[in-house]
Amino acid sequence: MKILLTGGLGFIGSHTAVDLMERGHDVVIADNLSNSKIEVLDKIKQITGKEAKFYQIDICDLDALDKLFEENKDIFGVIHFAGYKAVGESVAKPLMYYENNLISTFNLLKVMQKYNCKNIVFSSSATVYSPKNVMPLTEDADLGASNPYGRTKLFNEHILRDFQFVNPDYDVVLLRYFNPIGAHESGLLGEDPNGIPNNLMPYICKVAVGELDHLNIFGNDYKTKDGTGVRDYIHVVDLARAHSLSIEKIIREGRIGFKVYNLGTGTGYSVLDIVNAFNRVNGDLVKYEIAARRPGDIDECYASPKLAEEELGFKAEKTLDEMCKSSYQYQKNNKK
Ligand code: NAD
Ligand code: UFG
């Protein structure tokens, strides 16, 4: 089937493009390169031996999106990755986040209706859950995002739910990612944020290659086994497969309606677990210091992955060691 990936040259989108193409689907990518590089397109080709059709467009540009659909009337479904994703930046530039992350979805839904494309998979996040929930998080846990980025995800979820309610012939799948890390085994695709990374694994990788001196661990007095924050890290290659499985569930079952799935492993690892695993598999490369807590962080966050397993047949397979190894491999290949 022909699948449109908005933001398909980004970290998760590029891995998903590879997975879909390896399963025999045709992939169309729309990306404005605001947080990705055109070379990724060639890397996807190197891995799969196939070409994805590429449109360098902004999803907020309704005319450009319309033209894409006009030229690809047989798009079966859309996986909507495009969006801004940095929590801190969203606090500083809320309008930029609301505009990009919401207008893109409005435009997509309008154009999808016009061209009778009835299936959409949306990149949501564990950040939509209220911090007051007990772990593990099930899909029916209380919602409540605490920053503009998180609210764009939550608003998108509400918009898509309301839209599907009055358009029951549409299939809408919300995928709530926990903490995606790791890289493709080829070493060609991975995460390469500009500037100093905010997230743990990209930061660790830059320390490992000597671009940064040491890791600051944000707090060691959380209510966790070793005092450092606990999260549910999932390998991006596993995560990518869950998108293909969502699309294939729609293809197989014809009509699935509105679905929400957590994508995590169900296992929480602390910051120290991650640093220790990274140093064990890659050599003793990462020094750390204990620093103050980062505002807004919570003790722990991990998924109940049961529903995705039962309904999508999805189970994360890759280990923490594989996540650490592949992340470092990619960073070494992309050393500045
Ligand atoms: P990414 O920044 O690597 O990829 C997003 C891609 O979208 C980039 O290639 C960017 O150039 C493109 N883009 C952004 N706005 C666009 C627009 N208006 N038009 C066209 N292209 C546009 O991010 P990612 O880590 O691959 O995340 C993909 C999605 O998953 C995002 O929606 C993100 O919010 C969500 N998500 C990510 C994480 C994570 O930790 N990486 C966690 C939960 C949810
Ligand atoms: N951490 C450090 N030092 C760092 C960076 C992070 O100690 O330099 C710690 C954090 O305090 C936290 C853990 O590492 O305990 C993970 O932090 P990340 O920033 O990697 O990830 P978060 O869980 O804070 O948030 C990420 C994304 C959000 C998304 C969320 C759930 O940034 O956008 O996962 O999907 F919503």
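Residues numbered from 1 in each chain as written. Chains lettered and ligands numbered in written order. Predicted model: local features only at pLDDT ≥ 70, side-chain atom pairs only at ≥ 80, totals over all residues. Heavy atoms only, no water.

## Considerations on the pairing of strand β8 (residues 215-218)
What you see with β8 is a clean split: Leu215 and Ile217 sit on the buried side and Asn216 and Phe218 on the side with no burial. In terms of strand pairing, β8 meets strand β13 (residues 288-291) through 4 bridges, oriented parallel. Its bridge partner lying in β13, Leu215 is registered against Tyr288. (Buried < 20%, exposed > 50% of the residue type's maximum accessible area, 1.4 Å probe, protein only. Helix = DSSP H or I, 4+ residues; strand = E, 2+ residues; numbered from the N terminus. Pairing = 2+ DSSP bridges.)

## Some points on the sheet that holds strand β14 (residues 300-301)
Reading across from one edge, β12-β9-β14 is the order of the 3 strands in this open sheet, with mixed pairing throughout. The open sheet terminates on both sides in strands that have one partner only, identified here as β12 (269-270) and β14. Two elements, strand β9 (residues 230-231) and β14, share 2 bridges in a ladder whose sense is parallel. Across the sheet, residue Val230 finds its bridge partner in β14, namely Glu300.

## Some words on the site of ligand 2
Neighbouring ligand 2 are 22 residues; Ser125, Phe178, Asn216, Arg231 and Asp297 lie closest to it. One nitrogen or oxygen atom from the side chain of Asn199 is found 2.8 Å from an oxygen atom belonging to ligand 2. A distance of 2.8 Å separates an oxygen atom of ligand 2 from a polar side-chain atom of Arg231. Relative to its free-state accessible area of 690 Å², ligand 2 is covered by the protein chains to the extent of 88%. (Near = heavy atom within 4 Å. Polar contact = N/O pair within 3.5 Å; in protein donor to acceptor, adjacent residues only side chain to side chain. Areas by Shrake-Rupley, 256 points an atom, 1.4 Å probe, with all protein chains shown as cover.)

## Description of the side chain of Thr228
Looking at where Thr228 falls in the secondary structure, it is placed in the loop between β8 and β9. Within the structure, Thr228 has its side chain in polar contact with the backbone nitrogen of Val271 (distance 3.2 Å).

## Details of the packing of helix α3 (residues 62-71) against helix α5 (residues 94-114)
Contact geometry of α3 with α5 gives a least axis separation of 10 Å together with a crossing angle of 35°. Like other packed secondary-structure pairs, α3 and α5 cross with a definite hand, here right-handed. The residues of α5 that touch α3, namely those facing Leu62, Leu65, Asp66 and Phe69, are Asn107, Leu108, Lys110, Val111, Met112 and Lys114. Of the residues assigned to the contact of α3 with α5, the class counts are 6 nonpolar, 1 polar and 3 charged. (Axes fitted to C-alpha atoms, helices over the stretch in contact; angles between N-to-C directions. Left-handed = near helix turned anticlockwise from the far one by under 90°. Contact = heavy atoms within 4.5 Å. Nonpolar A, V, L, I, M, F, W, Y, C, P; charged D, E, K, R; others polar.)

## Re the site of ligand 1
Neighbouring residues of ligand 1: 26 residues in total, closest Asp31, Asn35, Lys85, Asn100 and Tyr149. With respect to ligand 1, the backbone of Ile12 contributes an N or O atom lying 2.8 Å from an oxygen atom. Burial of ligand 1 by the protein amounts to 95% of the accessible area it has alone, namely 830 Å². Going through the elements one at a time, α1 (11-22), β5 (119-125) and α6 (148-166) are the ones with two or more residues in the shell around ligand 1.

## Quick word on the confidence of the model for the protein chain
Atomic detail in the predicted coordinates should be set aside for any region of low pLDDT. The pLDDT averaged across the protein chain works out to 97; a share of 100% of its residues lies at or above 70. The element-level mean pLDDT for the protein chain is lowest in helix α4 (residues 87-92), coming to 93, with strand β1 (residues 2-6) highest at 99. (pLDDT = per-residue confidence, 0-100.)

## Regarding the packing of helix α7 (residues 200-208) against helix α11 (residues 320-333)
At a minimum axis separation of 9 Å, α7 and α11 run at an interaxial angle of 55°. Considering their axes alone, α7 and α11 lie oblique with respect to each other. In this structure, α7 crosses over α11, and the sense of that crossing is right-handed. Contact residues: Met201, Cys205, Lys206 and Ala208 in α7; Cys324, Ser327, Tyr328 and Gln331 in α11. When grouped by side-chain class, the residues that make up the contact of α7 with α11 number 5 nonpolar, 2 polar and 1 charged. (Parallel < 35°, antiparallel > 145°, perpendicular 65-115°, else oblique.)

## Re the sheet that holds β5
Reading across the sheet, the 7 strands line up as β3-β2-β1-β4-β5-β6-β11 and stay open at both edges, with parallel pairing between neighbours. Because the sheet does not close on itself, it has two edges, and the strands there are β3 (53-55) and β11 (258-263). Each adjacent strand pair in this sheet contributes to an overall mean axis angle of 20°, direction not counted. Relative to β11, strand β6 (residues 171-177) is paired through 6 bridges, and the arrangement is parallel. Considered in β11, the bridge of Arg176 is made with Asn262.

## Re the packing of aromatic side chains
By the definition in use, this model includes 6 aromatic pairs. Ring geometry for Tyr84 and Tyr97: centres 5.4 Å apart, planes at 55°, overall tilted. Of this pair, Tyr84 sits in the loop between β4 (75-80) and α4 while Tyr97 sits in helix α5; the two residues are 13 residues apart in sequence, bridging distant segments of the chain. Residue Tyr97 is classed as buried on the basis of its relative accessible area of 1%. The interplanar angle of 80° and the centroid separation of 5.0 Å between the aromatic rings of Phe163 and Tyr170 together place this pair among those described as edge-to-face. Note on Tyr170: relative accessible area 3%, which makes it buried. (Phe/Tyr/Trp six-rings, centres within 6.5 Å; stacked < 30°, edge-to-face > 60°.)

## Things to note about the nonpolar core
Counting residues in each nonpolar core, the largest one holds 36 residues, and the members touching the most others are Leu5, Val27, Ile29, Ile44, Ile79, Leu263 and Phe314. Aside from chain neighbours lying at most four places away, what touches Ile29 is Leu4, Leu5, Gly8, Leu9, Ala17, Leu41, Ile44, Ala52, Lys53, Phe54 and Tyr55. Counting residues in hydrophobic clusters, the runner-up holds 27 residues, among them Val28, Ala30, Cys117 and Phe163. (Core = buried A, V, L, I, M, F, W, Y, C linked by side-chain atoms within 4.5 Å.)

## A look at α11
Between the first and last C-alpha of α11 there are 20 Å, a value that for 14 residues agrees with the 20 Å anticipated at 1.5 Å per step. If you check which residues of α11 are buried, you get Leu320, Met323, Cys324, Ser326, Ser327, Tyr328, Tyr330 and Gln331. The inward-facing, buried residues of α11 abut β7 (179-181), α7, β10 (233-235), β12 and α9 (271-282). (Expected span 1.5 Å × (residues − 1).)

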